[in-house]
Amino acid sequence: MSSTWHILGAGSLGSLWACRLARAGKAARLILRDAQRLQAYQQAGGLTLLEQDRASLYAIPAETAESGGPIHRLLVACKAYDAAPAIAALAPRLVAGADLVLLQNGLGSQDEVAERAPLARCVFASSTEGAFREDDWRVRFAGHGFNWLGDPANPTPPPWFTDLGEAGIPAQWTPDILSRLWRKLALNCAINPLTVLHDCQNGGLLGHLDEVEALSTELAALLRHCGQPLAARDLDEEVQRVILATAANYSSMYQDVRAGRRTEVHYLLGHVCRAAARHGMRVPQLEHLHQRLVDNLRARGLPSA
Ligand code: NAP
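If you're wondering where the values come from, they're calculated on a predicted model, not measured in any experiment.

The rules behind these values
Position numbers for residues count from 1 along each chain, tracking the sequence in the order it is written. pLDDT decides what is reported in this predicted model: residues at 70 or higher carry local features, side-chain atom pairs at 80 or more are listed and counted, and totals for whole chains, interfaces and linings draw on all residues regardless. Working from all heavy atoms in the structure, the side-chain values ignore hydrogens and water. Secondary structure elements are taken from DSSP: a helix is a run of H or I of four residues or more, a strand is a run of E of two residues or more, and numbering for both begins at the N terminus. Any two strands with at least two DSSP-identified bridges between them are counted as paired. Lines fitted to C-alpha atoms define the axes, with helix axes restricted to the stretch in contact, and inter-axis angles between N-to-C directions lie between 0 and 180 degrees. The criterion used for residue contact is that any of the two residues' heavy atoms lie within 4.5 Å. Only protein chains enter the accessibility calculation, which uses a 1.4 Å probe. A residue is then buried if its area is under 20% of the maximum for its type, exposed if over 50%, and partly exposed in between. Handedness rule for crossovers: strands pointing away from the viewer, path from the first strand over the helix to the second running clockwise, crossover right-handed.

(A) Geometry of unusual backbone geometry. Of note, Asp199 is a non-glycine position whose phi angle comes to about 50°, a positive value. Relative to the elements of secondary structure, Asp199 occurs in the loop between α6 (177-197) and α7 (209-225). Here the phi dihedral of Asp234 falls at roughly 50°; this positive angle occurs in a residue that is not glycine. Mapped onto the elements of the fold, Asp234 is located in the loop between α8 (229-232) and α9 (235-245).

(B) Representation of the sheet that holds strand β5 (residues 62-64) in the model. With mixed pairing, eight strands are arranged side by side in an open sheet as β5-β2-β1-β6-β7-β8-β11-β12. Across the chains shown, the open sheet's two edge strands, defined by having one partner strand only, are β5 and β12 (171-173). Adjacent strand axes in the sheet meet at a mean angle of 25°, parallel and antiparallel pairs treated alike. Here three bridges tie strand β1 (residues 5-8) to strand β6 (residues 71-76), and the two strands are oriented parallel to one another. Opposite Ile7, over in β6, you have Leu75 as the bridge partner. Contacts between α6 and the sheet are confined to β8 (121-127) and β11 (147-150), with β8 contributing the most and set at about 40° to the helix.

(C) Just the pairing of β6, in detail. Burial runs high along β6: six of the six residues are buried. One ladder, built from five bridges, connects β6 with strand β7 (residues 94-102); its direction is parallel. The residue of β7 that forms the bridge with Val76 is Leu102. Taken together, β6, helix α3 (residues 80-90) and β7 constitute a β-α-β crossover, and its handedness is right-handed.

(D) Structural detail: the sheet that holds strand β4 (residues 54-58). Pairing is mixed across the open sheet formed by four strands, whose spatial order is β4-β3-β10-β9. At either margin of the open sheet sits one strand with a lone partner, and together these are β4 and β9 (130-135). Each strand of the sheet is rotated relative to its neighbour by a mean of 25°, with strand direction disregarded. Direction of pairing for strand β3 (residues 47-51) relative to strand β10 (residues 138-143): parallel, over a ladder of three bridges. Within β10, the residue paired with Leu49 across the bridge is Val139.

Okay, here's the thing in structure tokens:
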């Protein structure tokens, strides 16, 4: 197996991972959207990572999906709605047994990817690190955090996992990664859509705690119903803790909507509502929230799925 890290998507998280891997001497190659993006990247001369007041340029080689060559290990660092089409385009290059590391927020995109790459091993990741693009090919490392990685189908960590520690990427192998992803998804559903609908920072939800509590209760019941009792435990308390601890922050969904960007709603609240329907469970609060959010996004001319 080749030890090269192919990285699909040189956006915020993809660049953050690529620069740290390259800095540690790991072989990394970016896969960019098309020839035009590749040309723009080559003109910039590489990726710039901004950490506090330090800017470092990494001339990481790049290519498009159409370039030849087998892929043994791929970090999928695009948005959830782009993941499956991107993997479909790369499928002919994936060797049997290739490792895919999926950084997407929410749930649902991981299964869509697995369907398009049935011979690959899919490692799911949940990240609390924060990064954003100041400009094309210039990414700011904005918030230190942690990464949990795991494979619901295989509890053994892959041999390349040690690369992460060597590259200074804080990470833990977590066989129960689904529980962690469900918990994060539930927190997101209880907070982010309401910040869009009430047009407020997270702390603004302290004025709408009845609504938050009703959602948390329904989410916890759904998690238990979906076989995720650990993810349901004390959800209500944690939702309130997160609101207080991040009171001055704008949620990622709020920021996307404000910037006129497509949200990942289909893999967040949308996934939760679909899971409830699949289990024949009624979730009127979550359904109502989803409908209000869809109406709000449509009124702004943004995709609602
Ligand atoms: P982002 O900054 O928008 O970057 C996504 C990148 O994917 C873009 O550079 C985009 O290319 C690229 N892309 C999309 N389709 C592609 C394709 N077919 N081929 C090649 N490249 C493609 O997104 P992000 O913030 O890094 O988020 C990635 C995922 O991580 C999301 O699910 C997000 O929720 C999650 N996450 C992000 C953070 C964070 O702090 N940013 C934290 C935790 C979790 P273009 O540049 O050409 O558009």
